[in-house]
Amino acid sequence: MEDSMKTFRHALFAAALVMGIASAAQAADLVRKVDSFDLLADQSGSMMMKSDEFKMTKAAAAKQVLAAVNEAIPDLGYKASLHTVAPASSVVAYGDWNRSAMADGIASLQDQGQVFGRMTPMADGFAANSGDYAAMARPTAIVLASDGANNLGVDPVAEAAAIYQAQPGICFHVISFADTEEGQAVLDKIAGLNSCSVSVKGADLMADQNALNQFVADVFYTTGAAEEALVLHGVNFAFDSYA
């Protein structure tokens, strides 16, 4: 009986050891979903309008949210850039993502400016920046912070669709600062072009850190089990025995 109990205890110990090591080998690690990303800020006249919801201009709210997103992104070796639309410009050139450099670029964005007479050619901005997107490592996330207003040039939804057609591996994600039904409809259509897209409200990200963290996770990374070899040292199993 004593020998049997000893054998049983040894078997339990061996099983527990195997399970413990297996659990450690499957510990969740962060794995990036994309190899590169672009933060794309709408700098149009409509974004310079003060919003009753945000108690500041929509451009100022967008800066706050983009800055918070930049802080929440884990350092997983991304490439990155920062562009604007309306007008189109490159603010942070494409290269290895540097949190501090990106924060400086976001801080340099306008949050006050002319409203009236300043048109919104969003689609033209997409087209102007698409040449830079062609050089970005795939898969690529384009994070658009906009109110969806478009009153000059071609249809931004059609231009986003054209980029999808010409540049596989890109995905548009939307942070909406829309305060009109028309603007939100444009952003919804852009998000609806591809099932990969994540679409959220800027107000929700400003109000809830958990919502912001979830958005960052949905766009930038996932959790995956680390694939490590399971090696047992000093554990011997006798043939035809539980020992």
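As a reminder, the structure under discussion sits directly above these lines.
Helix and strand counts for the chain come out as eight helices and 10 strands. Relative to its 243 residues, the chain shows a buried fraction of 42%. Looking at the chain alone, contacts between residues at least 24 apart form 80% of all its contacts between residues at least 6 apart. Carbon together with sulfur atoms contributes 54% to the accessible area of the chain, which is approximately 12500 Å² in total.

Quick look at the nonpolar core now. Judged by nonpolar contacts, the single largest core of 38 residues is most densely connected at Phe37, Val69, Met102, Ile175, Phe177, Phe215 and Phe220. Sequence-distant contacts of Ile175, defined by excluding residues within four places in its chain, comprise Val65, Leu66, Val69, Val143, Leu144, Ala145, Ser146, Val200, Gly202, Leu205 and Phe215.

A few words now on the packing of helix α4 (residues 122-133) against helix α5 (residues 156-166). Running from N to C, α4 and α5 point in directions that differ by 20 degrees, and their axes come no closer than 8 Å. Viewed along their axes, α4 and α5 adopt a mutual orientation that is roughly parallel. Seen along the crossing, α4 lies across α5 with a hand that is left-handed. Only Pro156, Glu159, Ala160 and Ile163 of α5 make contact with α4, whose side of the interface consists of Met122, Ala123, Phe126, Ala127 and Ser130. Across the contact of α4 with α5, the residue classes break down as seven nonpolar, one polar and one charged.

As a further point, take α5. Within α5, burial applies to Pro156, Val157, Glu159, Ala160, Ile163 and Tyr164. Down the axis of α5, the sector holding all buried residues measures 165 degrees, keeping them to one side. Set apart from the buried face of α5 by more than 90 degrees, the exposed residues are Gln165 and Ala166. In this fold, the buried residues of α5 make contact with α4, β8 (170-176) and α6 (181-192).

Cut-offs applied
- Residues numbered from 1 in each chain as written.
- Predicted model: local features only at pLDDT ≥ 70, side-chain atom pairs only at ≥ 80, totals over all residues.
- Heavy atoms only, no water.
- Helix = DSSP H or I, 4+ residues; strand = E, 2+ residues; numbered from the N terminus.
- Buried < 20%, exposed > 50% of the residue type's maximum accessible area, 1.4 Å probe, protein only.
- Contact = heavy atoms within 4.5 Å.
- Areas by Shrake-Rupley, 256 points an atom, 1.4 Å probe, with all protein chains shown as cover.
- Core = buried A, V, L, I, M, F, W, Y, C linked by side-chain atoms within 4.5 Å.
- Axes fitted to C-alpha atoms, helices over the stretch in contact; angles between N-to-C directions.
- Parallel < 35°, antiparallel > 145°, perpendicular 65-115°, else oblique.
- Left-handed = near helix turned anticlockwise from the far one by under 90°.
- Nonpolar A, V, L, I, M, F, W, Y, C, P; charged D, E, K, R; others polar.
- Arc of directions from axis to C-beta.

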